[in-house]
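# Residue-level structure breakdown
Each chain is listed here by its residues.
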Amino acid sequence: MNVAAKYRMASLYVGDLHSDVTEDLLFKKFSRVGPVLSIRICRDLVTRRSLGYAYVNFLQLADAQKALDTMNFDVVKGKAIRLMWSQRDAYLRKSGIGNVFIKNLDKSIDNKSLYECFSAFGKILSSKVMSDDRGSKGYAFVHFQSQSAADRAIEEMNGKFLKDCKVFVGRFKSRKDREAELRNKASEFTNVYIKNFGDDMDDERLREVFSTYGRILSVKVMTNSCGKSRGFGFVSFDSHEAARKAVEEMNGKEVNGQPIFVGRAQKKVERQAELKQMFEQLKKERIRGCQGAKLYIKNLDENIDDEKLRKEFSSFGSISRVKVMQEEGQSKGFGLICFSSSEDAARAMTVMNGRILGSKPLNIALAQGY
DNA sequence: TATGAGCGG
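Below or above, wherever it landed, is the structure these notes cover. (Residues numbered from 1 in each chain as written. Chains lettered and ligands numbered in written order. Predicted model: local features only at pLDDT ≥ 70, side-chain atom pairs only at ≥ 80, totals over all residues. Heavy atoms only, no water.)

## Brief notes about the overall build of chain A
Looking only at helices and strands, chain A has twelve helices and 24 strands in total. Counting every atom, chain A has about 22800 Å² of accessible surface; 49% of that belongs to carbon and sulfur. (Helix = DSSP H or I, 4+ residues; strand = E, 2+ residues; numbered from the N terminus. Areas by Shrake-Rupley, 256 points an atom, 1.4 Å probe, with all protein chains shown as cover.)

## Quick look at the packing of aromatic side chains
Each pair of aromatic rings is reported with the distance of its centres and the angle of its planes. With the rule as written, the count across this model stands at 17 aromatic pairs. Considering the side-chain rings of Tyr-53 and Tyr-55, the 6.2 Å spacing of their centres and the 90 degrees angle between planes classify their relative orientation as edge-to-face. Residue class for Tyr-53 comes out partly exposed when judged on its relative accessible area of 25%. On the basis of relative accessibility, which here comes to 26%, the residue Tyr-55 falls in the partly exposed class. Both rings, one in Phe-141 and one in Phe-172, keep their centres 5.9 Å apart while their planes meet at 75 degrees; by these two values the pair is edge-to-face. One end of the pair, Phe-141, is in strand S9 (residues 135–144); the other, Phe-172, is in the loop between strand S12 (168–171) and helix H7 (175–187), and 31 residues separate them in sequence. Through a chain of ring-to-ring contacts, three or more aromatic side chains come together here, namely Phe-101, Tyr-139, Phe-141, Phe-168 and Phe-172. (Phe/Tyr/Trp six-rings, centres within 6.5 Å; stacked < 30°, edge-to-face > 60°. Buried < 20%, exposed > 50% of the residue type's maximum accessible area, 1.4 Å probe, protein only.)

## Considering the sheet that holds strand S13 (residues 191–195)
If you walk across this open sheet you meet the four strands as S14-S15-S13-S18, and the pairing is antiparallel. At either margin of the open sheet sits one strand with a lone partner, and together these are strand S14 (216–223) and strand S18 (261–264). In this sheet, neighbouring strand axes are inclined to one another by 20 degrees on average, regardless of whether the strands run parallel or antiparallel. With five bridges joining them, S13 and strand S15 (residues 229–237) adopt antiparallel strand pairing. By the bridge assignment, Ile-194 is partnered in S15 with Gly-233. Taken strand by strand, helix H8 (residues 203–210) contacts S13, S14, S15 and S18, and its axis lies near 135 degrees from that of S14. (Pairing = 2+ DSSP bridges. Axes fitted to C-alpha atoms, helices over the stretch in contact; angles between N-to-C directions. Contact = heavy atoms within 4.5 Å.)

## Let's talk about the protein's contact with DNA strand B
Taken together, the neighbourhood of DNA strand B is formed by 30 residues, with Tyr-55, Arg-88, Arg-93, Lys-137 and Lys-173 sitting nearest. For DNA strand B, the fraction of atoms within 4 Å of the protein that belong to sugar or phosphate moieties is 37%. Within the side chain of Arg-178, an N or O atom sits 3.3 Å from a phosphate oxygen of DNA strand B. Only strand S1 (11–15), strand S2 (36–43), strand S3 (50–58), strand S6 (82–85), strand S7 (99–103), strand S8 (124–132), S9 and H7 provide two or more residues apiece to the surface near DNA strand B. Looking at which element gives the most residues to the surface near DNA strand B, the answer is S9, with five residues. Of the residues that constitute the surface near DNA strand B, the class distribution is ten nonpolar, nine polar and eleven charged. (Near = heavy atom within 4 Å. Polar contact = N/O pair within 3.5 Å; in protein donor to acceptor, adjacent residues only side chain to side chain. Nonpolar A, V, L, I, M, F, W, Y, C, P; charged D, E, K, R; others polar.)

## Regarding the sheet that holds S8
With antiparallel pairing, four strands are arranged side by side in an open sheet as S8-S9-S7-S12. One side of each edge strand has no neighbouring strand; the edge strands of this open sheet are S8 and S12. Direction aside, neighbouring strands of the sheet carry axes that sit 20 degrees apart on average. Relative to S12, S7 runs antiparallel, the two sharing four bridges. From the neighbouring strand, Lys-103 faces S12, where its bridge partner is Phe-168.

Laid out in C-alpha cells, this is it:
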C-alpha cells in the first residue's frame, strides 16, 4: 500500500461544524489523540465561508479510530460535531439503505447515549439527535452501514421504553416519500366534515341524514358552551367508499334550507397549512396585479374611506385594489390604489395630484421598487 | 408531533 492510500484510511469527516470553527481550533483538538497530518475545512470558493464540514487526516489509523470513539458529538463553539469515516462514495449516504428514524425519544437521551444504545445492532455510519437551543426535539436518526443492522434495530427497539418514553423506531423515509404517503392516506379518508347546517341540528339528526351512505362509527355536532350547534360537525364512516359517496352526493345539498359543505375532514394543522398557503398565494397575486401600476396617496382627508377613494379614481381605468390605511378604525391619512394598467395609473396621478378631496390636497406618488 | 445531511486535496 502506498503512503497516500494509507493516509486516506486515517481520514475522518467532521460535520455539523459551527461556521466560526477554524482549522487551528480543530488541529488543537484532534492533536490530543495523536499526530494530525492535515486539516481542511471546506469553504465556499468565492466567499470563503465555512460549508460546515471538514476533514481530519491522521497519520495513524488507530488515532482516527480513537478520535471517532472519544470525540464524536463533542461541542465545539456551541455545536455538537458529528464524526464519520471519510467515505467519498456517496452511494450509502444517498440511497437511504440502513437509515433508521426514531421518534418519541425521551428528551434526556443525548447523542452519545443514543449512539451507545443503537451500536449494539451493528456498525453506525452516522447518528444524530435533532435539537434546538432548548435541547432535544425528541426525534433522531441512526444510519447503519447495513440494512440488516437497521432491521435488527427496528425489530428489537420499536415500541420499547427508553427512559420514560415508548420509542418509535422505523425505516427512514425521505420527505418526498413521506409526503406521498400522507397524500395517499388522505385520499382514503373515512372521516367527513360538514358545515353550514345552522344551529338547528344535533347528533341524531345528522346521523339520520348521512346514514344512507354506509355504516357510521361516530357523529359529532360541535356545540358552544350552551350546547347549541355551531353549524358544523363530523361523521366518521367505517369505509372510505361510504365517506367518498357522502361527500359526492351531499356537498352543496340543502339542509335546514341552506346548502351545506361536505368534504374530507382535515386535521387542524393540515387546515391551517392550507389556509396559510392560500393566503400567501393571494398575496402574491395581489403584488403581481399591482406591478407598475401602484399609487401611494398621502395627505388624505380622514373622512375618505376605501369606497370613496375608489369612486374618485374609477374614471381613470380598472382598479384592482384600493386600501386606505387604518388604525383602530381611524384613517391614517394615506393609502394606495392599484390600477390594472400603468398608463391609467400615470394618468390618474397627473390629473389628481394636488386635487382637493374633502378638506386637503392629495399628494400622489408612483410606488417604487417592484 | 417529529422522517437529516453529507465528502477535499
